[in-house]
Amino acid sequence: LLKKTISEQKIKNIIVLNEDILKLDLTVHELKNYKLIGNIPYYLTSRLLRKFLAEEELKPKEIILTVQKEVAERIAAKPPHMNLLALSVQAYGKPEIIEKIPASAFWPKPKVDSAIIKISEISDKFFEKLARNRSGRHCERPQGAKQSLYLSRSLGLLRHSASNGTPRNDVR
């Protein structure tokens, strides 16, 4: 129905792909400067974001998705309430919740509320900057629980306790 409507209205800048998004080969479609927009099964959210933000060489200009409200809130969280999902998405782009959608807006009604999240300003620049800041320093790759502290230090997310000045990791 969507393809038919786009064709009838002669809209040239929209391509509807009815494919498995996780197996999609972007080189086949010769996409340039594209936006990824969709209402996806919620269980695919993390894998889809990883694919298009971290794995694809040709990254979208923006990503706009309908996701579970709690996941959208975690993605858009700010320190000290960030988790690994927030860190990994925000390393590539700027997420914002555009709209919250109550479960009652869908039929059949799901058990959870939803939200439309927009990730803009997508790039790899963060990692280039991080690599430049870390270059020239001898640093072994930390293991286990130390990895999150290392990541937090690298991202500048450590805070200092007011009482004794020692670093405190506020990233969850």
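Analysis parameters
- Throughout, residues of each chain are indexed from 1 in the direction in which the sequence is written.
- Where totals are concerned, whole chains, interfaces and linings use all residues; where local detail is concerned, this predicted model gives features only for residues with pLDDT of at least 70, and gives and counts side-chain atom pairs only at 80 or more.
- Think of the side-chain values as coming from all heavy atoms in the structure, minus any hydrogens and water.
- Every residue is assigned a pLDDT by the predictor, reflecting its confidence on a scale from 0 to 100.
- Contact between two residues is taken to exist if any of their heavy atoms lie within 4.5 Å; hydrogens are not considered.
- For this document, the term salt bridge refers to a Lys or Arg side-chain nitrogen within 4 Å of an Asp or Glu carboxyl oxygen.
- Helix and strand assignments follow DSSP, with helices taken as H or I runs no shorter than four residues and strands as E runs no shorter than two, numbered in order from the N terminus.
- Residue exposure (1.4 Å probe, protein chains only): buried if accessible area is under 20% of the type maximum, exposed if over 50%, otherwise partly exposed.

Caption draft 1: Structural view of the confidence of the model for the chain. Averaged over all residues, the pLDDT of the chain is 80; the fraction at 70 or higher stands at 73%. In this model, residues 144-154 is a region of pLDDT below 50 whose contacts with residues beyond four sequence positions or in other chains number 17 contacts. The low-confidence segment residues 156-172 (pLDDT under 50) makes 35 contacts with residues lying over four places distant or belonging to another chain.

Caption draft 2: Examining the pattern of salt bridges more closely. Per the counting criterion, the structure on display carries six salt bridges. Of the charged contacts, one joins E8 and K4 as a salt bridge, the two residues approaching to 3.9 Å between their closest N and O atoms. Of this pair, E8 and K4 both sit in helix α1 (residues 2-8), four residues apart, roughly one helical turn. Each member of the pair, E8 together with K4, is exposed. Connected via shared salt-bridge partners are K35, E62 and K118.

Caption draft 3: Geometry of unusual backbone geometry. Cis geometry is adopted by the peptide bond preceding P80, which originates at P79 and carries an omega value of 5°. Checked against the element boundaries, P80 lands in the loop between α4 (69-75) and α5 (84-90). Here the amide bond leading from W107 into P108 is cis, since omega sits at -5°, within 30 degrees of zero. Looking at the element boundaries, P108 is found in the loop between β3 (94-101) and β4 (114-120). One non-glycine residue with positive phi stands out, namely N33, at about 50°. Within the secondary structure, N33 is located in the loop between α2 (26-29) and β1 (35-39). One non-glycine residue, E121, adopts positive backbone phi at about 55°. By the element assignment, E121 lies in the loop between β4 and α6 (125-134).

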